[in-house]
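Structural description and commentary
So you can see what is in the structure, the chains are spelled out below.
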Amino acid sequence: MKVGFYSGSFDPFTNGHLHIVKASCQIFDKVIVGIGINSNKSKNYNIEQMKLAIEETLTNENITNAEVIAYQELTVEIAEKYHANFLIRGLRNDTDYAFEENLAQINEEISGLDTIYFRSGVLGFISSSMVMELIHYGKDVSRYLPEPVFKLISWNRV
């Protein structure tokens, strides 16, 4: 069984992230979407609520070969626990590539796991940070987020 591990902060999970999950699920038998918990980084949203919103998104998209988890270990360690064959990363531009390739080399050195890159799709110019900035200024971000994630964000802003 080919298992891919797609990790990120997903704070919030965007349509670009969804695009990568969809593409990954066409290639892998199973995709683990791992919400990484970085103790040095504050989260804008409750991780369990975001996990549920991502799960609802996957259900709405009829994606049956993906699972969402939250973790607080090294990505390669949790990927190995889930028997991942590859790490999955998204790319928006050449700046992402430079950062991701460095990370991929470190991960491969530590674990032997190779990294597969996917383009973020037509909305690849949008990052979670940019979405948060737009939300801060009261802009409509519904185009950039799956509906369950947008509902979570809207509910938390009330």
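Relevant structure appears above.
Presented here is an overview of the structure given in this document.

Each value, and the rule that gives it
Residues numbered from 1 in each chain as written. Predicted model: local features only at pLDDT ≥ 70, side-chain atom pairs only at ≥ 80, totals over all residues. Heavy atoms only, no water. Helix = DSSP H or I, 4+ residues; strand = E, 2+ residues; numbered from the N terminus. Rg over C-alpha atoms; globule rule 2.2 N^0.38 Å. Core = buried A, V, L, I, M, F, W, Y, C linked by side-chain atoms within 4.5 Å. Buried < 20%, exposed > 50% of the residue type's maximum accessible area, 1.4 Å probe, protein only. Contact = heavy atoms within 4.5 Å. Expected span 1.5 Å × (residues − 1). Arc of directions from axis to C-beta. Polar contact = N/O pair within 3.5 Å; in protein donor to acceptor, adjacent residues only side chain to side chain. Phe/Tyr/Trp six-rings, centres within 6.5 Å; stacked < 30°, edge-to-face > 60°.

Observations regarding the overall build of the protein
Within the protein, the regular secondary structure consists of six helices and five strands. Moving toward the C terminus, one meets the helices and strands of the protein in the order β-α-β-α-β-α-β-α-β-α-α. The C-alpha atoms of the protein give a radius of gyration of 15 Å, which matches the 15 Å a tight globule of 158 residues would have. When the backbone C-alpha atoms are referred to their principal axes, the protein occupies close to 45 × 30 × 30 Å.

Considering the nonpolar core
Judged by nonpolar contacts, the single largest core of 34 residues is most densely connected at Phe13, Val21, Val31, Ile54 and Leu58. Those elements giving two or more residues to this core turn out to be helix 1 (15–27), strand 2 (30–36), helix 2 (47–60), strand 3 (66–71), helix 5 (128–136) and helix 6 (147–157). Discounting residues that sit within four places of it in the chain, valine 21 has contacts with Tyr6, Phe13, Val33, Leu58, Ile63 and Ala66. Of all hydrophobic cores here, the second largest spans 11 residues; its members include Ile69, Tyr71, Val76 and Ala79.

Overview of helix 2
Look at helix 2: 20 Å from first C-alpha to last across 14 residues, which is about the 20 Å you get at 1.5 Å a residue. Within helix 2, the full set of buried residues consists of Ile47, Met50, Lys51, Ala53, Ile54, Thr57 and Leu58. Buried residues of helix 2, viewed axially, fall in a sector of 165°; they line one side. Between the side-chain oxygen of the N-cap and the backbone nitrogen of glutamate 48 there are 2.9 Å, and the N-cap of helix 2 in question is asparagine 46.

A short note on the packing of aromatic side chains
One pass over the full model with this rule turns up six aromatic pairs. Here phenylalanine 28 and phenylalanine 86 contribute two aromatic rings whose centre-to-centre distance is 6.1 Å and whose plane-to-plane angle is 55°, an arrangement assigned as tilted. Taken as a pair, phenylalanine 28 in the loop between helix 1 and strand 2 and phenylalanine 86 in strand 4 (residues 86–91) lie far apart in primary sequence, 58 residues in all. Residue phenylalanine 86 is classed as partly exposed on the basis of its relative accessible area of 24%. Taking 6.3 Å as the distance between ring centres and 85° as the angle between the ring planes, the aromatic pair formed by phenylalanine 125 and tyrosine 144 counts as edge-to-face. Taken together, the residues phenylalanine 125 in the loop between strand 5 (114–119) and helix 5 and tyrosine 144 in the loop between helix 5 and helix 6 connect sequence positions 19 residues apart. An aromatic cluster is present here, built from Tyr6, Phe10 and Phe13 joined pairwise through their rings.

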